[in-house]
Amino acid sequence: IGLQHTQLAALASGIDISLKQEGSLVIFHAVQHSTASVDQNDQEDEDADADDVDISDFPNGLHFCCIDDAPLQLRTLEFGLKRHAHAAKVDTYGQNGPADVPEFMAQAPQSDIIIFDNHLDWPGRHTSGV
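Q: Could you clarify how one ought to interpret the overall build of the chain in this entry?
A: Tallying secondary structure elements over the chain gives four helices and seven strands in all. Starting at the N terminus and ending at the C terminus, the chain contains elements arranged as α-β-β-α-β-α-β-α-β-β-β. For the chain, with 130 residues in total, the buried portion stands at 26%. For the chain, contacts bridging at least 24 residues in sequence account for 57% of all contacts bridging at least 6. Surface summary for the chain: the accessible area is close to 8,800 Å², and the carbon and sulfur share equals 52%.

Spelled out as structure tokens, the structure:
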């Protein structure tokens with residue numbers, strides 16, 4: 001998948017992205033800003049806003065591979081990618097803590113897009129997403 005598709009995915013998801021090179025290392029950085037609310041009316045407003053995003057140029061049927069230490073974030077990613085990006089497959093890892101990292105690393109190269117939490121903090125262990 002090219003950088004243009006990555007940018008479309010980021011724009012559709014409200015994610016800030018950057019790409020930089022330091023010597024022979026290329027660093028891709030993505031930040032998703034989020035807020036939480038307990039008001040049920042806010043959920044209806046969020047659903048209406050999400051449907052206004054035009055992702056018609058974004059290819060359907062992609063395979064996403066995601067790792068995060070927050071189960072809620074994993075569920076949100078899976079639901080959002082299937083609903084709004086029409087993902088064919090969304091693999092999520094991190095529910096079982098650090099034990100999921102080797103499986104994630106094995107599956108990630110076969111995916112079209114990889115999404116990871118930069119700071120994986122599980123009890124007793126910190127794993128960098130970089």
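Q: Explanation requested: the side chain of aspartate 68 in the structure shown.
A: Topologically, aspartate 68 is positioned in the loop between strand 3 (63-67) and helix 3 (71-84). There is no salt bridge for the buried aspartate 68, and the closest opposite charge comes from arginine 75, which lies 11 Å off by N-O distance. Looking at aspartate 68, its side chain comes within polar contact range of the main-chain nitrogen of alanine 70, at 2.8 Å. Once residues lying within four places of it in the same chain are set aside, the contact partners of aspartate 68 are Gln73, Leu74, Tyr93, Gly94, Asp117, Leu120 and Trp122.

Q: Help me out: how do you make sense of the confidence of the model for the chain in this one?
A: Segments scoring low in pLDDT should not have their predicted coordinates read at a detailed level. Looking at the chain as a whole, its pLDDT mean stands at 77, while 76% of the residues score no less than 70. Averaged over each element, pLDDT in the chain is lowest for helix 2 (residues 40-51) (52) and highest for strand 4 (residues 89-93) (93).

Q: Is there a simple way to think about the environment of aspartate 68 in this case?
A: Residue class for aspartate 68 comes out buried when judged on its relative accessible area of 9%. Each C-alpha atom of the pair aspartate 68 and glutamine 95 lies 7.9 Å from the other, and the pair is 27 residues apart in sequence.

Q: How should the pattern of salt bridges be read in this particular structure?
A: Once their charged atoms are close, side chains differing in charge can pair, the charge on each being opposite to the other. Applying the stated criterion across every chain, the model contains three salt bridges. Between glutamate 22 and lysine 20 there is a salt bridge, with the nearest N and O atoms lying 3.3 Å from each other. For glutamate 22, a relative accessible area of 47% translates into the label partly exposed. Here glutamate 78 and lysine 82 are joined by a salt bridge, their closest N and O atoms 3.2 Å apart. With glutamate 78 and lysine 82 both in helix 3 and four residues apart, this pair spans about one turn of that helix.

Q: Where do I start with the nonpolar core in this structure?
A: Side chains that are nonpolar tend, in soluble globular proteins, to be buried together. In terms of nonpolar packing, the biggest core is built from 13 residues, with Phe58, Phe64, Cys66, Leu81 and Val90 touching the most fellow members. For this core, the element with the most residues is helix 3, which contributes three residues. Cys65, Ile67, Val101 and Phe104 belong to the second-largest nonpolar core, a separate cluster that totals eight residues.

Q: Could you clarify how one ought to interpret the pairing of strand 1 (residues 15-22) in this entry?
A: Bridge count between strand 1 and strand 2 (residues 25-32): eight bridges; the pairing is antiparallel. For glutamine 21, the partnering residue across the bridge sits in strand 2 and is valine 26. From the end of strand 1 to the start of strand 2, which pair antiparallel, there are two residues, and glycine 23 there has a positive phi angle of about 65°.

Q: Is there a simple way to think about the packing of aromatic side chains in this case?
A: The geometry of an aromatic ring pair comes down to the distance between the two centres and the angle between the two planes. Under the criterion given, the structure shown has one aromatic pair. Here tyrosine 93 and phenylalanine 104 contribute two aromatic rings whose centre-to-centre distance is 5.9 Å and whose plane-to-plane angle is 65°, an arrangement assigned as edge-to-face. On the criterion of sequence distance, the pair formed by tyrosine 93 in strand 4 and phenylalanine 104 in helix 4 (residues 101-107) is long-range, its members being 11 residues apart. The same class applies to tyrosine 93 as to phenylalanine 104, namely buried.

Quick notes on the rules
Residues numbered from 1 in each chain as written. Predicted model: local features only at pLDDT ≥ 70, side-chain atom pairs only at ≥ 80, totals over all residues. Heavy atoms only, no water. Helix = DSSP H or I, 4+ residues; strand = E, 2+ residues; numbered from the N terminus. Buried < 20%, exposed > 50% of the residue type's maximum accessible area, 1.4 Å probe, protein only. Contact = heavy atoms within 4.5 Å. Areas by Shrake-Rupley, 256 points an atom, 1.4 Å probe, with all protein chains shown as cover. Lys, Arg positive; Asp, Glu negative; His and termini not counted. Salt bridge = Lys/Arg side-chain N within 4 Å of Asp/Glu carboxyl O. Polar contact = N/O pair within 3.5 Å; in protein donor to acceptor, adjacent residues only side chain to side chain. pLDDT = per-residue confidence, 0-100. Core = buried A, V, L, I, M, F, W, Y, C linked by side-chain atoms within 4.5 Å. Pairing = 2+ DSSP bridges. Phe/Tyr/Trp six-rings, centres within 6.5 Å; stacked < 30°, edge-to-face > 60°.

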